[in-house]
Amino acid sequence: MLRNPGVSTTVTGATTSEELRSNLGALSVQLDDEVVERLDRIWPGPGEAPQAYAW
């Protein structure tokens with residue numbers, strides 16, 4: 001999510017300090033462009049915003 005220029009922050013659902021530490025560990029994960037492209041092919045997302053997110 002943080003690679004997306006339209007995303008300024010992420011929200012975690014941690015309810016314990018252990019979960020928070022685990023979530024913060026994700027900040028050290030760096031995906032290279034090839035991996036991100038492969039993931040985008042597997043799950044391209046819902047579409048263009050804001051139309052794809054409209055109720």
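Criteria and thresholds
Residues numbered from 1 in each chain as written. Predicted model: local features only at pLDDT ≥ 70, side-chain atom pairs only at ≥ 80, totals over all residues. Heavy atoms only, no water. Helix = DSSP H or I, 4+ residues; strand = E, 2+ residues; numbered from the N terminus. Rg over C-alpha atoms; globule rule 2.2 N^0.38 Å. Buried < 20%, exposed > 50% of the residue type's maximum accessible area, 1.4 Å probe, protein only. Lys, Arg positive; Asp, Glu negative; His and termini not counted. Charge placed at Lys NZ, Arg CZ, Asp CG, Glu CD. 1 Å grid on protein atoms, 1.4 Å probe; cavity = no way out; pocket = protein on both sides within 12 Å on 5 of 7 lines; lining within 4 Å. Points joined across faces, edges and corners; volume = space filled by probe spheres on them. Nonpolar A, V, L, I, M, F, W, Y, C, P; charged D, E, K, R; others polar. Salt bridge = Lys/Arg side-chain N within 4 Å of Asp/Glu carboxyl O.

The helix and strand inventory of the protein stands at two helices and zero strands. Rg of the C-alpha trace for the protein: 14 Å, well past the compact-globule value of 10 Å for 55 residues, more than 25% over. Across the 55 residues of the protein, 4% fall into the buried class. Here the protein contributes 4 positive and 8 negative side-chain charges, whose respective centroids are spaced 3 Å apart.

This brings us to the layout of surface pockets. In this approach, a probe sized like a water molecule rolls over the atoms, and the result shows the empty space that is left. Considering only enclosed or pocket space, the largest pocket measures out at about 1,000 Å³ in volume. Lining the largest pocket are 24 residues, and of these M1, L2, R3, N4 and V7 lie nearest its centre. For the lining of the largest pocket, the secondary-structure elements that each account for two or more residues are α1 (17–25) and α2 (33–42). The leading source of residues in the lining of the largest pocket is α2, at three residues. Taken together, the residues that form the lining of the largest pocket break down as 14 nonpolar, eight polar and two charged.

Here we come to the pattern of salt bridges. For the structure shown, the criterion picks out one salt bridge. Across the pair R3 and D33 runs a salt bridge whose closest N-O atoms are separated by 2.5 Å. Here R3 is found in the segment before α1, whereas its partner D33 is found in helix α2, with 30 residues between them in sequence. Judged by relative accessible area, which is 47%, R3 ranks as partly exposed.

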